[in-house]
There are 2 protein chains.
Amino acid sequence: MKVLIVYAHSQPSSFNGALLRTAVESLTAGGHEVKVSDLYAMGFNPVASAADFQDRRFEGHLQYDREQKHAVEHRSFSDDIQAEIDKVLWCELLILQFPLWWYSVPAIMKGWFDRVFANGLMYGQFGRFDKGGMKGKRAMVSTTTGCFPGMVEEGGVMGHLDAVLWHLQYGTLAYVGFEVLEPFVTWSVRYEDDQARALYLQGLAERLRRIDDVPLKALHPVDDFGKDWKLKPGIAARTFGHQKRPGTEPGSC
Amino acid sequence: MKVLIVYAHSQPSSFNGALLRTAVESLTAGGHEVKVSDLYAMGFNPVASAADFQDRRFEGHLQYDREQKHAVEHRSFSDDIQAEIDKVLWCELLILQFPLWWYSVPAIMKGWFDRVFANGLMYGQFGRFDKGGMKGKRAMVSTTTGCFPGMVEEGGVMGHLDAVLWHLQYGTLAYVGFEVLEPFVTWSVRYEDDQARALYLQGLAERLRRIDDVPLKALHPVDDFGKDWKLKPGIAARTFGHQKRPGTEPGSC
């Protein structure tokens, strides 16, 4: 399998760095081909701007997603964007390795989505979710957190992990067509000893050896939604973001 | 009232630009003091790095949040970060104006949180949420989207807006202590005519004239959570992220 790991940490000596090395070693040992986008080491520019396009469809006011569509059709992205697009198109599995900052990815990785997940290629008039451009590929979040598991379990103070990662796993990865694997999460490694950290690294290696056994996040096909953009009558919500809100159940006060 | 607007769009001629100007005009006319952080115009650097600290507590491996705490205590942040921190401390209302990209803020604004919302000041051992450092201040998201309202209503294809914005409104703004106002959202303005756009601008101006009437998002005080970090028995979830997941209700299959 072809695997792209996008990695967002400035310190090779970090636990994120150790997880990256473990992933590369485990996947390579398993006969997979691996490419890494080490965003800090590359000096990746996360700020979307007019400089991202070598040719413009519209003069004047920059309409970013419309210029993306034009750049897809004319292969006129800046070189740094095209290189990342080529890696995403090449891969069959995308792994995101990052520390969870503000319930999300570091800015350098957010900008990777902003600039690389282009309209007209990753999503577009042809569709999104199960009809998105990356249909047939899989993606997995691997993140380090400063919290404890109970904090992101049901009723936990941070909200459920499905809520924390909704924008990323659903709104970004699933949106463009990836099948999303259950995330790999490490908890408060700062407070753990070397033995506990070694167990995390073993856990990631083991998961990657059995990657085909990792469960997928539930996803409604877009045909589950009607012309009003809502789940059709009779289809029960299977995902966190589609369920009823507190206080809206029939009979609730 | 003292109002800080953080703005993330590269094009003054955009609808985001029009919303920014409308907000400044409406607030100023109402007698409020307004400061604007125009992140693109400032060339704001969103990438957290060792250069963010003029003095280091720990040599070698960069532990970002621990260095933040040290920099708060010694006022040793880089000048660009300290300037933003001073604005946040100054304001009583924080408004975020941005286009919704990947269910979130553009990278240039994500990096503003990463670098400015410092450990030891915005949150820390003293607390978070209703005990966070920004306690007593309010915050409001104002965002432009490419979708239609039904898409982010209950059962909508994007997930409910409370799920889309959970990481931002709960995991970032509420986390550091802001009371979070209902967001101001504009829908698919690209497909609207000038009259509809003018109505949006009037709507924002009117909302800011009546800012004290804008409802707050529900929030559980941290004392609602037990030592296991979960909602105490008998306390019903009032927020989207704390409710039960689909399929976990008693008696569900």
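Residues numbered from 1 in each chain as written. Chains lettered and ligands numbered in written order. Predicted model: local features only at pLDDT ≥ 70, side-chain atom pairs only at ≥ 80, totals over all residues. Heavy atoms only, no water.

1. Details of the pattern of salt bridges
Residues and elements named next belong to chain B.
Here's step 1: Here the structure, examined in full by the defined rule, presents 30 salt bridges over all chains.
Here's step 2: For Asp 80, the salt bridge goes to Arg 115, with nearest N and O atoms at 3.1 Å. Highlighted residues: Asp 80 in helix H4 (residues 79-90) and Arg 115 in helix H5 (residues 107-116), separated in sequence by 35 residues.
Here's step 3: In this structure Asp 80 comes out as partly exposed when scored by relative accessible area, which is 32%.
Here's step 4: With a relative accessible area of 1%, Arg 115 lands in the buried category. (Salt bridge = Lys/Arg side-chain N within 4 Å of Asp/Glu carboxyl O. Helix = DSSP H or I, 4+ residues; strand = E, 2+ residues; numbered from the N terminus. Buried < 20%, exposed > 50% of the residue type's maximum accessible area, 1.4 Å probe, protein only.)

2. A word on the confidence of the model for chain A
Residues and elements named next belong to chain A.
Here's step 1: The predicted model of chain A averages 95 in pLDDT, with 97% of residues at 70 or higher.
Here's step 2: Low pLDDT, under 50, characterises residues 249-253; the predicted model gives this stretch two contacts beyond four residues in sequence or across chains.
Here's step 3: Here the predicted complex carries an ipTM of 0.96, next to a pTM of 0.96. (pLDDT = per-residue confidence, 0-100. Contact = heavy atoms within 4.5 Å.)

3. What about the pairing of strand E3 (residues 93-99) of chain A?
Residues and elements named next belong to chain A.
Here's step 1: For E3, the buried fraction is high: seven of the seven residues fall into the buried class.
Here's step 2: Burial along E3 is two-sided: the residues Leu 93, Ile 95, Gln 97 and Pro 99 and Leu 94, Leu 96 and Phe 98 are all buried.
Here's step 3: Looking at chain direction, strand E1 (residues 2-7) and E3 are connected through five bridges and run parallel. Directly across from Ile 5, in E3, lies its bridge partner Ile 95.
Here's step 4: Direction of pairing for E3 relative to strand E4 (residues 138-145): parallel, over a ladder of seven bridges. From the neighbouring strand, Gln 97 faces E4, where its bridge partner is Ser 142.
Here's step 5: At this point the chain moves from E3, through helix H5 (residues 107-116), to the parallel E4, and the crossover so formed is right-handed. (Pairing = 2+ DSSP bridges. Right-handed = clockwise from strand over helix to strand, strands pointing away.)

4. Looking at the packing of aromatic side chains
Here's step 1: All told, the structure shown has 37 aromatic pairs over all chains when counted by the stated rule.
Here's step 2: Taking 5.7 Å as the distance between ring centres and 70° as the angle between the ring planes, the aromatic pair formed by A:Trp112 and A:Phe113 counts as edge-to-face.
Here's step 3: Residue A:Trp112 is classed as buried on the basis of its relative accessible area, which comes to 0%.
Here's step 4: On the basis of relative accessible area, A:Phe113 is assigned to the buried category, the value being 1%.
Here's step 5: Site record: aromatic cluster; members linked through ring pairs are A:Trp102, A:Tyr103, B:Trp112, B:Phe113, B:Phe117, B:Tyr123, B:Phe129, B:Trp166, B:Tyr170, B:Tyr175 and B:Phe178.
Here's step 6: Lying over the aromatic face of A:Trp90, A:Lys35 brings its terminal NZ or CZ to 4.4 Å of the ring centre. (Phe/Tyr/Trp six-rings, centres within 6.5 Å; stacked < 30°, edge-to-face > 60°. Lys NZ or Arg CZ within 6 Å of the ring centre and 35° of its normal.)

5. Some details on the interface of chain A and chain B
Here's step 1: Taken together, the contact between chain A and chain B spans 67 residues of the former and 67 residues of the latter.
Here's step 2: Around 5,800 Å² of area is buried between chain A and chain B when both sides are counted, 61% of it from carbon and sulfur atoms.
Here's step 3: Across the salt bridge formed by A:Lys230 and B:Glu153, the nearest N and O atoms sit 2.6 Å from each other.
Here's step 4: The interface formed by chain A and chain B includes 32 residue pairs in polar contact (both at pLDDT 80 or more).
Here's step 5: Of all the elements in the fold, those that place two or more residues in the side of chain A that touches chain B are helix H3 (64-74), H5, helix H6 (161-164) and helix H7 (166-174) of chain A. (Buried area = accessible area lost by both parts, 1.4 Å probe. Polar contact = N/O pair within 3.5 Å; in protein donor to acceptor, adjacent residues only side chain to side chain.)

6. A word on the environment of B:Ser104
Here's step 1: Structurally, B:Ser104 can be placed in the loop between strand E3 (93-99) and H5.
Here's step 2: When the C-alpha positions of B:Ser104 and B:Lys35 are compared, they lie 23 Å apart, and in sequence the two are 69 residues distant.
Here's step 3: Here B:Ser104 is in contact with A:Lys110, A:His167, B:Phe98, B:Pro99 and B:His167, once residues within four sequence places are set aside.

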